[in-house]
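Listed below are the residues making up each chain.
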Amino acid sequence: LMTQSNPVADAINSIMVDLAFNVPKYLGEVQYITISGLLGAVMDADVPMTSTLGTNVFCRNSTQGVVTRGLGAWDAATNSLTFEICADLEIETDRSLGALFYFRNPTVAQASPSNILVRGRGSVYLPNTPVVKPGTAVEGVPQGADPLKAVYWFNTRKIGQQTPLAEQLNVITLTLQPNVLVPAGTKVTVSGLFGAIVANPTILAASPAAGNNGHQKFCVGATAARGAWSGSSASLILTVCAGQSLLKDTEYRLTFGVTNPSQYQESPDVSIQASNGVVVPVALMIRDPASLVGVEFGSSPLRIEVPTFVTRVVSQSTPLSSASNEILVELISNVDMDTATVTVSGLLDSKPCTDPVEISMVQNTTAPHPQKTVNNALTLWEEADGILKFVLSGLVSSSGYRFSFNVRNPPAATRAEIVEIDFTVAASGTNGVGDAVRDVTMPEAVMTKLAGEARGVAGGQDPRVVVVEDDPQAGFWNGTGTRDGAATCGDGYMDSGEECDDGDVTSGDGCSSSCKCEDSPCSIRLGVSSPLSSAVAGMPAGSILELEPGTYSTDNHCYLIFKTGIQIKAVAEGVVFDCSSCANAALVLAAANVLFEGVEFRGLSVMSSSGEVAKRRSLKFTDCTFSGSERDEQAGLHITGADMTITLVTCTVKSNKGGGGAF
């Protein structure tokens, strides 16, 4: 069996001859092998040879009797190669003896010679026997493995593109180098450009890379720099102009424009061949494997990507009405964008906490991103439509970006009427440099909304969910981020079996070491370090909570749910509720006979619970002040809901940035 590795004319080639004898060769015997009929092969007189049995199998005897291992003798006159199996070797019957040697292929195309023979002489006589040819393809050349078959070829046949983005104008670059002179009239056909939208005739242009004007070598009729497009076969036919030729071993570069398809696709297999003036068999072109604008293999021809955010997730920190809420957006793009304007929609009824909206970037540990900043000066909030726009520079494909910004939830569960609204994200911008700069548009796409628990509310991470919470669950307290460890008496939180919890296990202060009330009605004293919201929601009706002076400003102070009639009294001047810069303190009224006395609120929202309409709800403020709110469109005292009786006795309601009172 005789097989070659390379069928390209005028190229370095190798032949492997697999021989096996039906008689043994003994030590000291001399055995010669001659292969004849190697027409067109170019070799030196001394031919280096190796074997599958090792490098010292074959020998050559000079006329002076000098034995040289690893050589055979080439006779150019008879186109034959002779080699000796070294005398100091023994080879058993039917032992495979592979002989490998290198040479240069003929300079012209030819079929495999029909009369390649192998014979033996010496200790064993072997008559001339035709070699067996494999008949298999090599490099796509039919019967290319048959010895000394030689074809004309494009030694260089590269193809690449300028952009992989769907529906964009694109530039395809071809680089060709034939191993033979390609005369006028030869048709060079580039096939497999599936999906491309190409004009016919096709205008050819010079490549930006250094090189000759390859585009001028091809004509349609008498017009130079033109090719013919066949849409049915997705092929570009390039005909060498009259009076022109492609020189052997000379590289030619040219480009042509296409419009990319609208859908995602992998790069198709593109092939090249030549016919008429000279025949070059079909061969696959070598695709540029480089990534481009963040798209893997984006430089390969007609590798198409539809720009989008492959990950687009939105969530919120709290569903509580009237609360300051952190919206978290996570995005991963499938393309690079030098500058991107990102649009997030669906933020109806929310109020931004700052103007302009301040957006922060949060490190994403699962898909880290290069450190980037958002230009907050360019951030735009379109309140009527619930749209936020912000500009990001240097969006990198496959990198995770997490943005957060703060809004104020509406003062009641108004979103219950629009729960079907979708949060969407879109982007527009540019990528590329120089002539390759392209506008990039990511169409509006629905975001995935997280549906986990937030502040004890099932599904509360969904930013469509806003609730007036009047029956807090355990997760409500955990959501404040201040409770550590298991529930225990003395931790300040009201738990099952406790009547009170003032944050210690000392008896004699109104709440015993076993968290039982020592007085009737129950009366305890709390300070700014106490989780006031837990005490308010859990203590028995009629309880009195005495507050020490200080500023009450944490999550555990700023959302108070009154399930029973509880009195909250300042023990001295200076008890101030001043919550975030975005939201007022919030009070949910689900009971009667609730009292505040001697307290200053720098903004307070009072909401009725979502329970029975006929349920009695009453609230009294005595010697209280509502002042100092700088929050846009939010009054110092904001009351919303129904079936509530609210009484103010010797209270001061000052005009704030959002007004004094709103009902």
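Residue numbers run consecutively from 1 along every chain, following the written order of its sequence. Note on the predicted model: pLDDT of at least 70 is required for a residue's local features to be given, and 80 or more for side-chain atom pairs to be given and counted; whole-chain, interface and lining totals, by contrast, use all residues. Derived side-chain values reflect all non-hydrogen atoms in the structure, with water molecules and hydrogen atoms excluded from consideration.

1. Re the pattern of salt bridges
Counted only if it meets this: One side-chain nitrogen of Lys or Arg within 4 Å of one carboxyl oxygen of Asp or Glu is enough to make a salt bridge. By definition, any uninterrupted DSSP run of H or I lasting at least four residues is a helix, any uninterrupted run of E lasting at least two residues is a strand, and each is numbered from the N terminus. Partly exposed describes any residue whose relative accessible area lies between the buried limit of under 20% and the exposed limit of over 50%, with all areas from a 1.4 Å probe on protein chains only and scaled to the type maximum.
Applying the stated criterion across every chain yields a total of 18 salt bridges. Ionic pairing is found between Glu-266 and Arg-303, a salt bridge with its closest N-O pair at 3.8 Å. Here Glu-266, found in the loop between strand E21 (252–259) and strand E22 (271–275), pairs with Arg-303, found in the loop between strand E24 (286–287) and strand E25 (309–316); they are 37 residues apart in sequence, far enough to count as distant. Exposure remark for Glu-266: the relative accessible area of 47% places this residue in the partly exposed category. On the accessibility criterion, Arg-303 (7% relative accessible area) is buried. One salt bridge connects Lys-563 with Asp-471, and the closest N-O pair in it is separated by 3.2 Å. Within this pair, whereas Lys-563 is found in the loop between strand E39 (559–562) and strand E40 (567–570), its partner Asp-471 is found in the loop between strand E35 (448–449) and helix H1 (474–478), the two being separated by 92 residues in sequence. One connected set of salt bridges, linked through shared partners, spans Asp-10, Arg-104 and Lys-248.

2. Details of the confidence of the model for the protein chain
Going by this rule: Known as pLDDT, the predictor's per-residue confidence is scaled from 0 to 100. Contact criterion: two residues are considered in contact whenever any of their non-hydrogen atoms come within 4.5 Å of each other.
Residue-level pLDDT values for the protein chain average 88, and 92% of them are 70 or greater. Contacts of residues 414–418 to residues separated by more than four positions or lying in other chains number twelve contacts, the stretch itself having pLDDT below 50.

3. Considerations on the state of the cysteines
Worth spelling out the cut-off: Cysteine sulfur atoms that come within 2.5 Å of each other are treated as a disulfide pair.
If you walk through the whole model with that rule in mind, you get seven disulfides. Here Cys-489 engages in a disulfide with Cys-515; their sulfurs sit 2.0 Å apart. Sign of the S-S torsion, about 100 degrees for the bond between Cys-489 and Cys-515, identifies this disulfide as right-handed. Taken as a pair, Cys-489 in the loop between H1 and strand E36 (523–526) and Cys-515 in the loop between H1 and E36 lie far apart in primary sequence, 26 residues in all. The exposure class of Cys-515 is buried, given its relative accessible area of 0%. The disulfide that involves Cys-517 links it to Cys-522, with 2.0 Å between the sulfurs. Its torsion about the S-S bond being -90 degrees, the disulfide of Cys-517 and Cys-522 is classed as left-handed. You can call Cys-522 buried: its relative accessible area is 4%. The structure places no disulfide on Cys-624, whose sulfur is separated from the nearest cysteine sulfur, that of Cys-651, by 4.8 Å.

4. Overview of the environment of Phe-218
Looking at where Phe-218 falls in the secondary structure, it is placed in strand E17 (residues 218–220). By relative accessible area, which is 0% here, Phe-218 ends up buried. With 31 residues separating them in the primary sequence, Phe-218 and Lys-187 have C-alpha atoms 9.1 Å apart. Excluding residues within four positions of it along the chain, Phe-218 makes contact with Val-188, Leu-204, Thr-223, Ala-224, Ala-225, Arg-226, Leu-238, Thr-239, Val-240, Cys-241, Leu-246 and Leu-254.

5. Some details on the sheet that holds strand E46 (residues 618–622)
Definition in use: Any two strands with at least two DSSP-identified bridges between them are counted as paired. Angles shown run from 0 to 180 degrees and are taken between the N-to-C directions of axes, each axis being a line fitted to C-alpha atoms and, for helices, limited to the stretch in contact.
A sheet is described by the order of its strands in space; here six strands give the open sequence E36-E37-E40-E43-E46-E49, paired in parallel fashion. Looking at which strands have only one partner, the edges of the open sheet turn out to be E36 and strand E49 (645–649). Between one strand axis and the next, the sheet turns by 15 degrees as a mean value, whatever way the strands run.

6. Here's the deal with the packing of aromatic side chains
Keep this limit in mind: Here the aromatic set is Phe, Tyr and Trp, taking the six-membered ring for Trp, and pairing holds for ring centres within 6.5 Å; pairs whose planes are under 30 degrees apart are stacked, those over 60 apart are edge-to-face, and all others are tilted.
The final tally for this structure, using the stated rule, is twelve aromatic pairs. Ring centres 5.0 Å apart and planes at 55 degrees place the aromatic pair Phe-390 and Phe-403 in the tilted group. Remark: Phe-403 occurs in strand E32 (residues 400–408) and Phe-390 occurs in strand E31 (residues 387–395); sequence separation between them is 13 residues. With relative accessibility at 2%, the residue Phe-390 sits in the buried group. Accessibility expressed as a relative area gives 1% for Phe-403, which makes it buried. With centroids separated by 5.6 Å and ring planes inclined at 10 degrees, the aromatic side chains of Phe-601 and Phe-626 adopt a geometry described as stacked. Placement of the pair is Phe-601 in strand E44 (residues 600–601) and Phe-626 in strand E47 (residues 625–626), with a sequence separation of 25 residues.

7. Re the sheet that holds E31
Pairing is antiparallel across the open sheet formed by five strands, whose spatial order is E30-E31-E27-E33-E34. Unpaired on one side and paired on the other, strand E30 (380–382) and strand E34 (438–446) mark the two borders of the sheet. Averaged over all pairs of adjacent strands, the angle between their axes in this sheet comes to 20 degrees, without regard to strand direction. By the bridge criterion, seven bridges tie strand E33 (residues 424–431) to E34 in an arrangement that is antiparallel. Across the sheet, the residue bridging to Ala-427 is Met-442, located in E34.

8. Observations concerning unusual backbone geometry
Phi is mostly negative for residues that are not glycine, and the peptide bonds are mostly trans. With an omega of 0 degrees, the peptide bond running from Asn-200 to Pro-201 counts as cis. The topology assignment puts Pro-201 in the loop between strand E14 (187–191) and strand E15 (202–205). Omega for the peptide link from Ser-520 to Pro-521 comes to 0 degrees, which places this bond in the cis form. Inspection of the secondary structure assignment puts Pro-521 in the loop between H1 and E36.

9. Details of the pairing of strand E4 (residues 46–51)
The alternating pattern of E4 places Val-47, Met-49 and Ser-51 on a buried face, while none of Asp-46, Pro-48 and Thr-50, on the opposite face, is buried. Sheet topology note: the E4/strand E9 (residues 97–104) ladder contains three bridges and is antiparallel. Counted as the bridge partner of Met-49 is Phe-101 from E9.

10. Re the side chain of Lys-25
Using the following cut-off: N or O atoms within 3.5 Å of each other form a polar contact, as long as, within protein, one can give a hydrogen and the other can take it, and as long as residues adjacent in sequence are counted only when both atoms are side-chain atoms.
Structurally, Lys-25 is set in the loop between strand E2 (12–19) and strand E3 (31–36). Within the local environment of Lys-25, its side chain forms a polar contact with the backbone oxygen of Leu-89, the two atoms lying 2.7 Å apart. Every residue in contact with Lys-25, bar those within four places of it in the chain, is listed here: Gln-31, Ile-85, Cys-86, Ala-87, Leu-89, Glu-90 and Ile-91.

11. Section: the pairing of E33
Burial analysis of E33 places six of its eight residues in the buried class, the great majority of the element. Pairing of strand E27 (residues 337–345) with E33 involves seven bridges; the strand directions are antiparallel. Paired with Thr-341 across the two strands is Ser-428, which belongs to E33.

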